[in-house]
Amino acid sequence: MTRSISRRQAALGFLALAGTVAAGCSGPGSSGPKPSNPGASPSQAPTIGSEPVTLKAYFETGFPMARALTEEFTRQYPNVTWDIREDQFAVITQNAPRVLADDPPDLMRLPQLSELVSNGLLLDLDGYANVFGWDRWPPSQLEQLRSAPEGSPRGEGSLYGMGLNFSMTGVFYNKTLAERIGMSAPPATLDEFDALLSDAHDAGIVPIVQFNGGATGGFAFPLQNLMAAYGQPGPINDWIFQRPGADIDTPSNLSAVGHLQDWIRAGYFDPDANAMEYAQMMGKFLAGDGLFMFNGDWESGNLDAEMSGEVGFFVMPPREAGGPVAAMSAPLTYGIGAHAKNPDHAAYFLNWVATDERAREIAVEIGGSHPMGLPDAPMPEVEEGTVTAETLAAGALVSGDNGAMDFIANATGSIYAKGWTPQLQLLFAGEQSPEGLLAAVQNEYASGTGS
C-alpha cells in the first residue's frame, strides 16, 4: 500500500546535518577588503527577560524540528514570538549572503560556512560559548562549526555556528523486503552488503532507492559511505576543512568511486535515480519500492511514524569484520547574523535547545538525532525496537570509533552544485569515469579555495 509523506515534503537539506549548493551570486565583499566578524562578548550568560521580543528566523522548509522547538520555547517564554521565513535549502544557500548582509535574521539555517565567515556575515560566538559553557562540551561536537576569520581552514578557530542536534547518515532498510532475501541482520562487512544487493536484484527488488536529480546529487551519500569503508575519516575532514595540501583524489577514494560505479553498472539503483528528487525517494521508500536507502537520522521519527516496526538502520560496514566504522555526522547548523537585532535572545535559544529537557526530547522525537551538549545531559527515553533507537545506537558506535566526518558537499560553497552533483549524475549516466570524477571535483575545489 502506498504511503504519503505526511511529515517530510521537502527536498534535501543536512543536516545536517549537512550539504550545500553554490550561492547564486558572489557574497558581499567578495572583492576588496574583507569586513571583520563582530564577536559577542557578554560578561555573563544572557537571559530572556520579560519585555516582548520578536525573533526573526530563516529556516529550511520540510524539516519540522526547528519550528517545533520555537513553539515550545514560546510556551515556556510567552514574551518571545517568532517571525519565521522558510525556504528549501538550495534557496537558502543562494540567498544566504544577501539576506545576512541586507536583512540579517537573528537565527538562520546555515549552508557552508567559509564564505559567510570570510565576508564578515556571521557573529563570532566565542563569547557565548564561554558564558554558557559550550566550550566544555566534547570538542568534536563543535569542531565542524569553527573557522579561521578568513573562512579557512575550518575545524579550528572561532565558533560561528551551533547545532540544533547532531545528525548522522547511514543505511535504512525495509525489514519486510530484507526477509524476502534472507537478511536476518545488518551486514558486517562490505562484501556481505554487496551480496545482499545482488540477492535483492536477483529477486526483482530495487536494491537501493536513491535520489540524484536536480541541484543536489544524492549519490554523494553512498559515495561518502564507501569512502568511509575504503579509507580513514581524517584525510576527508582535512579536505572538507580546506587544510593545506588536502586532496580528494586519493587511491582509497578512487576505489570508493569505482565501487559505486560497480553498483551502478550492476543495476543496484532505481533506474530513474538521475531524475529523482529527495521527496520522490522518500515516497518510494515509504511505499516499499526499495530495500535500502542511504539517508540521515533526521528521517528516523518520520519513519517510526509512517512505517512503525518496519524499518531498520545500520552504519556502512567496514571492509573487514570488526573494523572501525565512520559516517557523515555533523551538527544541524544554525548561526546568528553578524548584525542581528537580538543576538542575545538567539544565543539563549541555542543554549536552551541543548540544555532544556523538553527541547532535547523534541530533538530526538521529531529530529531523530542526538541532542548537542554535555555527555551527562539528560537523554530522552527511546522505545526499544524503533529505528530512532537504532540510529542513536549507531551514532554512539561511530563516536566510539572517532569516525565522524563532515559532509563532502561542505568543502566549498560551490562544490556541491558545480562539482559533486554534475559529476555523480554523469557517472550514473555512464558518461564519466571514477578518475575523471575525482579530478573534476578537485579542480572545482581548487577554484573555490584558490589553491
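If you're wondering where the values come from, they're calculated on a predicted model, not measured in any experiment.

Looking now at the nonpolar core. Within the largest apolar cluster, 80 residues are counted, with the highest numbers of intra-cluster contacts made by Phe193, Trp239, Leu260, Trp263, Phe292, Leu303 and Trp420. In this structure Leu303 touches Phe172, Met282, Phe285, Leu286, Met293, Ser308, Val311 and Val387, once residues within four positions along its chain are discounted.

Moving on to the environment of Arg146. Mapping Arg146 onto the fold places it in strand 4 (residues 146-147). Judged by its relative accessible area of 19%, Arg146 is buried. Sequence separation between Arg146 and Met162 is 16 residues; the distance between their C-alpha atoms is 9.5 Å. Setting aside anything within four residues of it in sequence, one finds Arg146 in contact with Asp126, Arg154, Gly155, Glu156, Gly157, Ser158 and Leu159.

A word on the confidence of the model for the protein chain. Residues at a pLDDT of 70 or more form 92% of the protein chain, whose mean pLDDT is 88. Segment residues 1-34 is flagged for pLDDT under 50; beyond a separation of four residues in sequence, or across chains, it makes 132 contacts in the model.

Assignment of secondary structure puts Glu444 in helix 17 (residues 434-449). Buried and unpaired, Glu444 has Lys418 as its nearest opposite-charge partner, separated by 5.2 Å. With residues up to four places along the chain from it excluded, the contact list for Glu444 reads Ser414, Ile415, Lys418 and Gly419.

Further remarks concern the packing of helix 8 (residues 220-230) against helix 16 (residues 415-428). Packing of helix 8 against helix 16 leaves a shortest axis separation of 10 Å and a crossing angle of 85 degrees. Our classification of the angle between helix 8 and helix 16 gives roughly perpendicular. On the side of helix 8, the interface is formed by Ala220, Leu223 and Met227, while helix 16 contributes Tyr416, Trp420 and Leu424.

Per the counting criterion, the structure on display carries 14 salt bridges. Where Arg243 meets Glu143, a salt bridge forms, and the shortest distance between an N and an O atom there is 4.0 Å. With a gap of 100 residues between them, Arg243 in the loop between helix 9 (233-240) and helix 10 (251-265) and Glu143 in the loop between helix 5 (139-142) and strand 4 connect regions that are remote in the sequence. Residue Arg243 is classed as partly exposed on the basis of its relative accessible area of 21%. For Glu143, a relative accessible area of 29% translates into the label partly exposed. The shortest N-O distance in the salt bridge between Arg358 and Glu361 comes to 2.9 Å.

Summed over all chains, the structure comprises 31 aromatic pairs. When the centroid spacing of 5.8 Å and the interplanar angle of 45 degrees are considered together, the rings of Tyr173 and Phe314 count as tilted. Placement of Tyr173 in strand 6 (residues 162-174) and of Phe314 in strand 8 (residues 311-314) is noted, with a sequence separation of 141 residues between them. Looking at Phe314, the relative accessible area reads 5%, which means it is buried.

A few words on unusual backbone geometry. The omega torsion across Ser152 and Pro153 is -5 degrees, close enough to zero to call that bond cis. Positioned with a positive phi, Gln242 is a non-glycine residue whose angle comes to about 60 degrees. Residue position: Gln242 is located in the loop between helix 9 and helix 10. The class of Gln242 is buried, set by a relative accessible area of 14%.

Quick notes on the rules
- Residues numbered from 1 in each chain as written.
- Predicted model: local features only at pLDDT ≥ 70, side-chain atom pairs only at ≥ 80, totals over all residues.
- Heavy atoms only, no water.
- Core = buried A, V, L, I, M, F, W, Y, C linked by side-chain atoms within 4.5 Å.
- Buried < 20%, exposed > 50% of the residue type's maximum accessible area, 1.4 Å probe, protein only.
- Contact = heavy atoms within 4.5 Å.
- Helix = DSSP H or I, 4+ residues; strand = E, 2+ residues; numbered from the N terminus.
- pLDDT = per-residue confidence, 0-100.
- Lys, Arg positive; Asp, Glu negative; His and termini not counted.
- Salt bridge = Lys/Arg side-chain N within 4 Å of Asp/Glu carboxyl O.
- Axes fitted to C-alpha atoms, helices over the stretch in contact; angles between N-to-C directions.
- Parallel < 35°, antiparallel > 145°, perpendicular 65-115°, else oblique.
- Phe/Tyr/Trp six-rings, centres within 6.5 Å; stacked < 30°, edge-to-face > 60°.

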